[in-house]
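If you want the building blocks of each chain, they are given just below.
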Amino acid sequence: MGKISPLNCVIFNRKYFMRTLGNIIWNIPFLGFVTAALVFLIGLLFVVTIIAAPIGLGLIQYSKFLLLPFSYDMVSKSEIEGDEDKNILWQTYGFILKAVYVLFLGIPMVILTLVQIVCCFCSIIGIPVAIVMAKSLGTLLQPVGKVCVDHSVAQALLVEQGRSQLANRNKIERQ
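Nothing here was measured: the structure is a model prediction, and the numbers come from that model.

Conventions we followed
Residues numbered from 1 in each chain as written. Predicted model: local features only at pLDDT ≥ 70, side-chain atom pairs only at ≥ 80, totals over all residues. Heavy atoms only, no water. Phe/Tyr/Trp six-rings, centres within 6.5 Å; stacked < 30°, edge-to-face > 60°. Helix = DSSP H or I, 4+ residues; strand = E, 2+ residues; numbered from the N terminus. Buried < 20%, exposed > 50% of the residue type's maximum accessible area, 1.4 Å probe, protein only. Lys NZ or Arg CZ within 6 Å of the ring centre and 35° of its normal. Axes fitted to C-alpha atoms, helices over the stretch in contact; angles between N-to-C directions. Parallel < 35°, antiparallel > 145°, perpendicular 65-115°, else oblique. Contact = heavy atoms within 4.5 Å. Nonpolar A, V, L, I, M, F, W, Y, C, P; charged D, E, K, R; others polar.

Participant: Describe in detail the packing of aromatic side chains, supporting the description with residues and values.
Facilitator: Describing an aromatic ring pair means giving the distance of the ring centres and the angle of the ring planes. Applying the stated rule across the entire model yields two aromatic pairs. Plain terms: the ring middles of Tyr62 and Phe65 are 6.1 Å apart, the flat faces sit at 25° to each other, and that makes the pair stacked. Of this pair, Tyr62 and Phe65 are both found in helix 4 (residues 53-67), three residues apart, which corresponds to roughly one turn of the helix. What makes Tyr62 buried here is its relative accessible area of 3%. Residue placement shows Lys64 over the ring face of Tyr72; its charged tip is 5.4 Å from the ring centre.

Dropping the structure here:
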């Protein structure tokens, strides 16, 4: 038997192997990189207009997620940075921008993604891909303020959020 090196442990770690395999299946037969490139170009177009830059930046983050959807997760910036009080004018601008995006681009993109999801569910190998796409529909509908992070960071944020909710519940029960 040969020596066990750290490289062998990483390569054959089941969790990372399955994520890598999922990313390969997503990009090779399902052409995930094409979808990522199209979303990136749409995001770039929004950034160039300057007025819709927040949407464009969110779509660019979403395209990063689409390149390796089994290794990354989409989370809200407020989950990472915490809730900050924003100017009322900025909130109004953001609301109007989101409403226009949802009506004219968000809903059509979600419909196209739903068609992709249905097509992926037609094959056994496409089911994991369809599940990932279904989980990302919220980001596609509202990309403003979303960030693409590593899966482990998203898991850590969920754990932190759970601890915070538990602490709040305990605090309420003590009163």
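Participant: Before we move on, can you summarise the packing of helix 4 against helix 6 (residues 88-120) with the specific residues and values?
Facilitator: Following both chains from N to C, one finds helix 4 and helix 6 inclined at 55°, their axes separated by 9 Å at the closest point. Viewed along their axes, helix 4 and helix 6 adopt a mutual orientation that is oblique. The residues of helix 6 that touch helix 4, namely those facing Pro54, Ile55 and Leu59, are Trp90, Leu97, Tyr101 and Met109. Its residues assigned to classes, the contact of helix 4 with helix 6 shows seven nonpolar, no polar and no charged.

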